Amino acid sequence: MTELMTQTRPTMGGDVVAAARLSSEELRRIDAYWRACTYLAAGMIYLRENPLLRKPLKPEHVKQRLLGHWGTSPGLSFAYVHLNRLINKYDLDAVFLAGPGHGAPGVLAPAYLEGTYSEVYPNKGEDEEGMREFFKEFSFPGGIGSHCTPETPGSIHEGGELGYSISHAFGVAFDNPDLLVAVVVGDGEAETGPLATSWHSNKFLNPIRDGAVLPILHLNGYKINNPTLLSRIPREELADLFKGYGWTPYFVEGDDPEYMHQKMAATLEDCVLEIRRIQQEARASGTASRAHWPMIVLRSPKGWTGPKSANGHKVEGFWRAHQVPLAGMHEDPAHLKQLKDWLRSYRPDELFDDTGRLIPELKALAPKGTRRMSANPRANGGLVRKALRMPDFRDYAIKVDKPGQASAENTRPLGRFLRDITRQNMTNFRVFGPDETTSNKLDAIYEVSKKLWLADYLPEDADGGELSPDGRVLEMLSEHTLEGWYEGYLLSGRHGFFSTYEAFAHVIDSMFNQHAKWLAIARELSWRAPVSSLNLLITSTVWRQDHNGFTHQDPGFIDLVLNKSPNVCRVYLPPDANSLLCVADHCLRSTNYINVIVSDKQKHLQYMTMDQAIEHCTKGLSIWPQASNDQGSEPDVVMASAGDIPTKEALAAIVMLRENFPDLKIRFINVVDLLKLTPSSEHPHGLSDRDFDSLFTVDKPIIFNFHGYPWLIHRLTYRRTNHKNLHVRGYKEKGNINTPLDLAIRNQIDRFSLAIDVIDRVPRLQIAGAHAKEKLRNMQIDCQHYAYEHGVDKPEIDQWTWP
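What you see as residue numbers is a count from 1 along each chain, following the sequence as written. Only residues with pLDDT of 70 or above have their local features reported here, since the model is predicted, and side-chain atom pairs are shown and tallied only from 80 upward, although totals for entire chains, interfaces and linings are computed over all residues. Values reported for side chains reflect all heavy atoms of the structure, with hydrogen atoms and water molecules removed beforehand.

**Student:** Even after reading the chapter, I still don't get the state of the cysteines, so can you show me in this structure?
**Tutor:** Here is the idea: a disulfide is a covalent bond, and it sits between the sulfur atoms of two cysteines. Here, two cysteine sulfur atoms that lie within 2.5 Å of each other are counted as a disulfide. Evaluated as defined, the whole model comprises zero disulfides. Note on Cys148: no disulfide assigned, nearest cysteine sulfur contributed by Cys37 at a separation of 13 Å. By relative accessible area, which is 4% here, Cys148 ends up buried. Burial status follows relative accessibility: with a 1.4 Å probe on protein chains alone, a residue under 20% of its type maximum counts as buried, one over 50% as exposed, and anything between as partly exposed.

**Student:** Please explain the nonpolar core as it appears in this structure.
**Tutor:** Soluble globular proteins tend to pack their nonpolar side chains together in the buried interior. By nonpolar core we mean a set of buried residues, namely Ala, Val, Leu, Ile, Met, Phe, Trp, Tyr and Cys, connected to one another through side-chain atoms within 4.5 Å. Membership of the largest hydrophobic core comes to 178 residues, with the highest contact counts inside it found for Phe96 and Leu674. The element that contributes the greatest number of residues to this core is helix H2 (residues 24-46), accounting for 14 residues. In this analysis, two residues are considered to be in contact whenever any of their non-hydrogen atoms come within 4.5 Å of each other. Beyond its immediate chain neighbours, meaning those up to four positions away, Phe96 contacts Leu76, Ala79, Tyr80, Leu83, Val107, Gly154, Ala182, Val184 and Met373. Core analysis: the second largest hydrophobic core is formed by 66 residues, Leu414, Ala584, Ala650 and Ile759 among them. Numbered from the N terminus, helices here are DSSP runs of H or I no shorter than four residues, and strands are runs of E no shorter than two.

**Student:** Would you take a moment to explain the packing of aromatic side chains for this structure?
**Tutor:** The relative placement of two aromatic rings is captured by the distance of their centres and the angle of their planes. Stacked, edge-to-face and tilted are the three classes for Phe, Tyr and Trp ring pairs, Trp counted by its six-membered ring, which pair at centre distances within 6.5 Å; planes under 30 degrees apart are stacked, over 60 edge-to-face, the rest tilted. Counted by the stated rule, this structure contains 34 aromatic pairs. Geometrically, the ring pair formed by Trp543 and Tyr731 is edge-to-face, given 5.7 Å between the ring centres and 80 degrees between the ring planes. Of this pair, Trp543 sits in the loop between strand S14 (534-539) and helix H17 (557-561) while Tyr731 sits in the loop between strand S22 (726-729) and helix H23 (740-746), and the two are 188 residues apart along the sequence. Tyr731 matches Trp543 in its accessibility class, with the two residues each being buried. A centroid spacing of 6.3 Å and a plane angle of 75 degrees characterise the contact between Phe704 and Phe706, whose relative ring orientation is edge-to-face. Judged by its relative accessible area of 1%, Phe704 is buried. Within the aromatic cluster, the residues linked to one another by ring pairs are Tyr39, Tyr112, Tyr117, Tyr121, Phe134, Phe135, Phe352 and Trp527. Arg235 extends its terminal NZ or CZ atom over the ring of Phe251, reaching a point 4.0 Å from the ring centre. Whether a charge lies above a ring is judged from NZ of Lys or CZ of Arg, which has to be within 6 Å of the ring centre and within 35 degrees of the ring normal.

**Student:** Looking at this structure, how should I read unusual backbone geometry?
**Tutor:** Glycine aside, the phi torsion of most residues is negative, and most peptide linkages are trans. Backbone geometry at Ser540 places phi at a positive 45 degrees, although glycine is not the residue there. On the secondary structure map, Ser540 appears in the loop between S14 and H17. Positive phi is not limited to glycine here, since Glu733 has a value of about 60 degrees. By the secondary structure assignment, Glu733 is in the loop between S22 and H23.

Shown next as structure tokens:
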């Protein structure tokens, strides 16, 4: 050991450790602490009793079903332990993100040794009985999963789906100038598209106002059953890859623990000092520029320190170490003995005292209080969250003298509202979008803050580029990276707003899924403080994508949203600008939700004054008296709508029906909160059956004109009394390059189809309405012929207003 610390030794790539950073005593202690972590990581996978092996190991001490992933865990705890040394030395404020899938044992172990786990879960105390409970509940029914789930203190990234660790890390670092975000990236994870793109996040980190992200790419060589790509390319090629991304890579490579401790201690410390130098230079000069931040490539064996082989097959350093390296404990005495020898190789009796507590000299290695990465309040972001300073959304209202007469761009006033929210919250609010902020009519934000840009500038950028090194609008043509930044920003206690084209919201389908699952669990944990809701504006919607064609026509994101927990997800379809403002204000003030707002950016009719919009949005749906003539009686038909274009077409259908059948009693209902349609027993926003029946009747036909796929409305209402009379019109995958009305006609949400539908559904009109149906069909055909000849809709259609 002495020779190791005084001489240099080449790594696998040829670098040298010029001088030992750890004294022999420091090396002994840090290795012992790491052995305690690896012992716990293995123990929680295998043991349900006898946690310290103070009795002979028997089959009944081992879990019947062995779950968990050993392979990545030693490397994770190795990085964690070395970060702890620097936290103590430099008083660092740091958090730790574990990207490798199923790597929880490597993070849970140090969280337990630091004492945080026992503080959060007192039944997992720092003694033998607490350790037994700690082991038993890992990957066990009624316990916790094998990812860094919300139940894990200090976790802000679960890693259930791979690819988002880097983007989450940057989201945490934004506007946290003193924070170091250490993120371990699995080499399997590194093969995913989102992760590959997220390396570009370094071009958006402002060294003056932001913290730092230190990626540690953990090359252990294997996934479940295959080698990893980055572990099988030459070291020089790997270094060039990351230099091309704009990083400065450092390599820590080997398998001898003593050597690796010295190499990691030196390299990690050099990286921390380099980060401080970059930040100090930028902050002293007041000039923010793009930095070439350091990163570490940690190459260590898969299943490091575990069984070398099993049944004559290589395990350590091979894919067989990925999950459970030894199986069959209840049937194979040889494997049970091998497990015992493996666990005893960590010498637990040297690490834990008679009560089962980590011995004092090792306990002293952990940081204290909130300097523990497992107890950092930024990894429980609700603890540091401050409410937004909000202007009064009523001040941005569109003036509506008569409903349905004037048109306006629905999202333009929202842009002004977001502008002033940004102005009042310049350290904890950001706007995210993939190259679409201007396109989505939100560009008023640029009056107070531009688009963040730290890469090169060209002279022409001054002419409308709206770029700035300290901008608070983040745009990159990677929805994955943006969503990851946004989630990390929210989970660490801040606020934001994300807008994207409706058809391409699907790019983040699975990210939305993972975040919804995180929130669903976090809401059940009393120690997890509420975080700001994730607010998604879904715009450039299907019914105004007539010009971009079929690929841009997909309203199905909301179908996915409604698969998730009703305690987490909300969907709003405001029909005009004032209702959009009202909804946005509500969503931005909320916590622990995912709010999906569907609103097109083009010009649309305006229906409600601000007072009317507030009343309507508060109720979530309501009868519009100006479009109804059934006051004091039962209607012959209920016409309902959700969405801006479907609302316009439904209202136009009502006008034509009244012209043809003056005595027809029509009730018009507009729905802004889609989940009002569900029973109150299924969702907290849902209407009671009595209220639903009162509005939609128990036996009259309902024609529902819907923004999205029609079957979603049936799914929400199938238990309602009058569901058999509910007829939904929506998008049916019929589109191409169309005019707006032609697209509506092809999917039968147009005014003519709706009016014909009413005639077909109201019994007394089925025969008497034949002439009206013929006229409506002729008008529909004429409109399509006009569109195909002139390329636009007829003026009386395009410029239609409520009479």
